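# Residue-level structure breakdown
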Amino acid sequence: MEFLCYHRDRPGSLPLRDELLEAHWSYMDGFAQEMIARGPTLTDDGALPTGSVHILDLPDPAAARAFAFGEPGYQAGVYRDVLLRRWRNLLGRTMWDFPGGRTEGTRYLVLGLGGGQPVDLAVPADREELIAYGPLLSDDGTAWLGTAALLRAPDPDAARAVLTADGYADVEVHRWQFGGRPS
């Protein structure tokens, strides 16, 4: 089962986040085989982290909760909240398989939070810029709760356009970059 976990930073937590960076990476190293995508969300100018996204393949919702709430930054109070949803990998690949590479262009996390009838259940026709894409689901996988995408786009409006304009109660667009230890 695949899950999307988005830890959102608590205001003023950057010094603690920086202090725990190695502990965070070490924790994530333990999930390397399960990882589909990972990386920080950033301020609009890309200068500072605002959160941490992880998409993983885990055995069940209990394992996903253990992952999300066992993360060292969460344990220490870096994050103000955690969005944890079952997810379906419609691209069938990891971020490391993205043909656009790790650094070229600006990348975004787009979260469409459900608001009625399911939309965007199929991969968009223009999939070249998609890094990860799929529906957000209830723990049992039966209810559609939204859609999440990681993609390369020229600006936030272009990133937002990957989702149906009026198909969601709310849409969030966050700068994002590939995560993990520096090479």
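These numbers were taken from a predicted model, which means no experiment stands behind them. (Residues numbered from 1 in each chain as written. Predicted model: local features only at pLDDT ≥ 70, side-chain atom pairs only at ≥ 80, totals over all residues. Heavy atoms only, no water.)

## Notes on the overall build of the protein
Heads up, the condition is: Numbering of helices and strands runs from the N terminus, with a helix taken as a DSSP run of H or I at least four residues long and a strand as a DSSP run of E at least two residues long. In this setup the radius of gyration rests on C-alpha atoms only. A globule is expected at 2.2 Å times the number of residues raised to 0.38. When accessible area is computed with a 1.4 Å probe and restricted to protein chains, residues below 20% of their type maximum are described as buried, those above 50% as exposed, and intermediate ones as partly exposed. The contact rule is simple, with two residues in contact once any of their heavy atoms fall within 4.5 Å. Methods summary: accessible areas were calculated by the Shrake-Rupley approach with a probe of 1.4 Å, and residue burial reflects only the protein chains presented. In this tally, Asp and Glu contribute negative charge and Lys and Arg positive charge; neither His nor the terminal groups of the chain are included. To locate a charge, take atom NZ for lysine, CZ for arginine, CG for aspartate or CD for glutamate.
For the protein, the count of helices and strands is 5 helices and 8 strands. In the protein, the succession of α and β elements from N to C terminus is β-α-α-β-β-α-α-β-β-β-β-α-β. For 183 residues, the compact-globule formula gives about 16 Å, and the C-alpha radius of gyration of the protein, at 15 Å, lands near that figure. The principal-axis extent of the C-alpha atoms belonging to the protein is close to 40 × 35 × 30 Å. Considering the protein as a whole, with its 183 residues, one finds that 47% of them fall into the buried category. Considering only contacts in the protein between residues 6 or more positions apart, those separated by 24 or more positions represent 75%. Surface exposure of the protein reaches about 8,600 Å², of which carbon and sulfur atoms provide 51%. Distance between charge centres in the protein, computed from 17 positive and 26 negative side chains, equals 1 Å.

## Things to note about the pairing of strand β8 (residues 170–176)
The test is simple: When DSSP finds at least two bridges between two strands, those strands are taken to pair.
In terms of strand pairing, strand β2 (residues 35–42) meets β8 through 2 bridges, oriented antiparallel. Of the residues in β8, the one forming a bridge with L42 is R175.

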